[in-house]
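Topology and contacts: notes
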Amino acid sequence: MQYAPSTKRLIQGLKPGHDYKVTLKVFQYTNVVCTHFKTTKTVPATSQITFSQAISSTSIKFQWSSMVGADGYILFVTELFINPPKQYNETFTGLVGQMDSLTPSTTYNCYVYSLNSAGRGAKSHTRTIATLVQPPIGVSINTTGKSTARVTWNTVSKVLLYQVAVSDNDKHNDQPVIRNTTTTTMDISALEPCSRYTVGVSSLNGFLVPGEPSAVTYNTSTINPVTTVSAEYSCTSGLVTVTWDLVFGANLYRATATDGTGAALNCTSASASCHITMLKCGEEYQVHVTAISDDCESISNVPSLFETVSCAPANPETSHDCSSNVIIFSWQPTNNTRYYVATAVDKSGQKN
């Protein structure tokens, strides 16, 4: 009850974040003169930041507790030790938020409000967290050898330790190679030919936590082709032995013999030779050797040539000329045959 002439009354003990129906009855003595009601709600209870982590030199990620009746949450981030301080705020509907565009290597006071249509709840406890150190600029890579390179970058103020991470873009399951240094240069080795690498350089803070990297892509040179190829054909075994010189970066070689029709036969080897079998007779073959690494191939630009033994003549026929006492011997021609030798043997074994 509230006695006239006052027209206000504070109701306490309500639950935060709940809807209420408020009914007002006007009495004259003990009689109800009129009744009026209105629906309203209380502001949500205070949410608390449960997780905070700097994920880069300009971004911090947060998580906070859920409150009954809250429609959203306002996150505030305020600079410390700077006058006048900069303040950032953003409204979120979920329980996870990220504040971006912050200043690198800067400490912030962070707190959150829960809110609904009735207003916002009380301010949460303050968390203090600093952004990470900004990454170096001017990262560049120069080749120093067949499988080596040098990474350089510009100095970052107040940073004594840098982290270099090298990832092979074609081997997604491999972990990057990570090394730390106090200088602004690092030599990397064991790079494979025909490969694409991502090299990232990060600055570490006082807790040795790296910030986001400045990343560049580095492509290693292609694998060199073999420079010598030789083919030795054996008539008796019907195979050819192909040999070549070894090249850096190759872990496999493929020798390919191609005939005049374009049909190809091949063999593979991790050493400097291999044998090609099942060759056709009466063919001229051209042999190339391809050097193969994990990521690319390089074919020899100087082929080797060889010929296989002539095929036996097909469909032999004879005819007899009685008037001249001559036997005519004929057959179908074969490929790549320079001349033929025909031999007649009588019943006594004498050859003509």
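Look above for the structure.
To start, this report covers the structure provided alongside it. (Residues numbered from 1 in each chain as written. Predicted model: local features only at pLDDT ≥ 70, side-chain atom pairs only at ≥ 80, totals over all residues. Heavy atoms only, no water.)

Assigned secondary structure in the protein chain consists of zero helices and 27 strands. Its C-alpha atoms put the protein chain at 160 × 60 × 25 Å along the principal axes. Burial status across the protein chain gives 32% buried among its 352 residues. Taking all contacts inside the protein chain whose residues are at least 6 apart in sequence as the whole, residues at least 24 apart take part in 54%. Carbon and sulfur atoms make up 53% of the accessible area of the protein chain, which totals about 21,900 Å². In the protein chain, 23 positive and 23 negative side-chain charges are present, and the distance between their average locations comes to 28 Å. (Helix = DSSP H or I, 4+ residues; strand = E, 2+ residues; numbered from the N terminus. Buried < 20%, exposed > 50% of the residue type's maximum accessible area, 1.4 Å probe, protein only. Contact = heavy atoms within 4.5 Å. Areas by Shrake-Rupley, 256 points an atom, 1.4 Å probe, with all protein chains shown as cover. Lys, Arg positive; Asp, Glu negative; His and termini not counted. Charge placed at Lys NZ, Arg CZ, Asp CG, Glu CD.)

A few words on the pattern of salt bridges. Within the structure shown, the criterion is met by six salt bridges. For Lys 171, the salt bridge is made with Glu 192, and the minimal N-O distance between the two is 3.1 Å. Placement of Lys 171 in the loop between strand 13 (162-168) and strand 14 (177-181) and of Glu 192 in the loop between strand 15 (185-188) and strand 16 (196-203) is noted, with a sequence separation of 21 residues between them. Overall, the relative accessible area of 23% leaves Glu 192 in the partly exposed class. Taking the shortest distance from any N to any O, the salt bridge between Lys 280 and Asp 259 comes out at 3.4 Å. One end of the pair, Lys 280, is in the loop between strand 22 (273-276) and strand 23 (284-292); the other, Asp 259, is in the loop between strand 20 (252-258) and strand 21 (264-269), and 21 residues separate them in sequence. (Salt bridge = Lys/Arg side-chain N within 4 Å of Asp/Glu carboxyl O.)

Glancing now at the side chain of Ser 214. If you trace the backbone, Ser 214 turns up in strand 17 (residues 214-219). Under the relative-accessibility criterion, Ser 214 is labelled buried at 17%.

As a further point, take the environment of Trp 331. With respect to the secondary-structure elements, Trp 331 resides in strand 27 (residues 326-332). Owing to a relative accessible area of 26%, Trp 331 belongs among the partly exposed residues under this scheme. For the pair Trp 331 and Thr 318, spaced 13 residues apart in sequence, the C-alpha separation works out to 8.9 Å.

This part is about the state of the cysteines. Working definition of a disulfide: a covalent bond connecting the sulfur atoms of two cysteines. The tally for this structure, following the rule as stated, stands at three disulfides. What pairs with Cys 267 in a disulfide is Cys 274, and their sulfur atoms sit 1.9 Å apart. Classification of the bridge connecting Cys 267 and Cys 274 rests on its S-S torsion, roughly 55°, and on that basis the disulfide is right-handed. The exposure classification of Cys 267 matches that of Cys 274, with both residues buried. With its disulfide-bonded cysteines labelled consecutively along the sequence, the protein chain is connected as 1-5, 2-3, 4-6. (Disulfide = S-S within 2.5 Å.)

Now for the sheet that holds strand 13. The four strands lie next to each other as 14-13-16-17, forming an open sheet whose pairing is antiparallel. The sheet is open, and its two edges are formed by strand 14 and strand 17, each paired on a single side. Geometrically, the sheet is characterised by an average inter-axis angle of 20° between neighbouring strands, direction not taken into account. Pairing analysis gives five bridges linking strand 13 to strand 14, with the strands arranged antiparallel. From the neighbouring strand, Tyr 162 faces strand 14, where its bridge partner is Thr 181. (Pairing = 2+ DSSP bridges. Axes fitted to C-alpha atoms, helices over the stretch in contact; angles between N-to-C directions.)

A word on the nonpolar core. Val 242, Trp 244, Tyr 253, Ala 255, Ile 276, Val 289 and Phe 306 are the most contacted members of the largest nonpolar core, which has 23 residues in total. For this core, the secondary-structure elements that each account for two or more residues are strand 18 (229-234), strand 19 (239-244), strand 20, strand 22 and strand 23. With residues near it in sequence (within four places) discarded, Ile 276 still touches Leu 239, Val 240, Val 242, Ala 255, Thr 256, Ala 257, Leu 265, Asn 266 and Cys 267. (Core = buried A, V, L, I, M, F, W, Y, C linked by side-chain atoms within 4.5 Å.)

Let us now look at the pairing of strand 26 (residues 314-321). Taken together, the six bridges between strand 26 and strand 27 define a ladder with antiparallel strand orientation. Its bridge partner lying in strand 27, Glu 317 is registered against Ser 330. Hairpin remark: strand 26 followed by strand 27, antiparallel, with four residues in the connecting loop; positive phi at Asn 325, about 55°.

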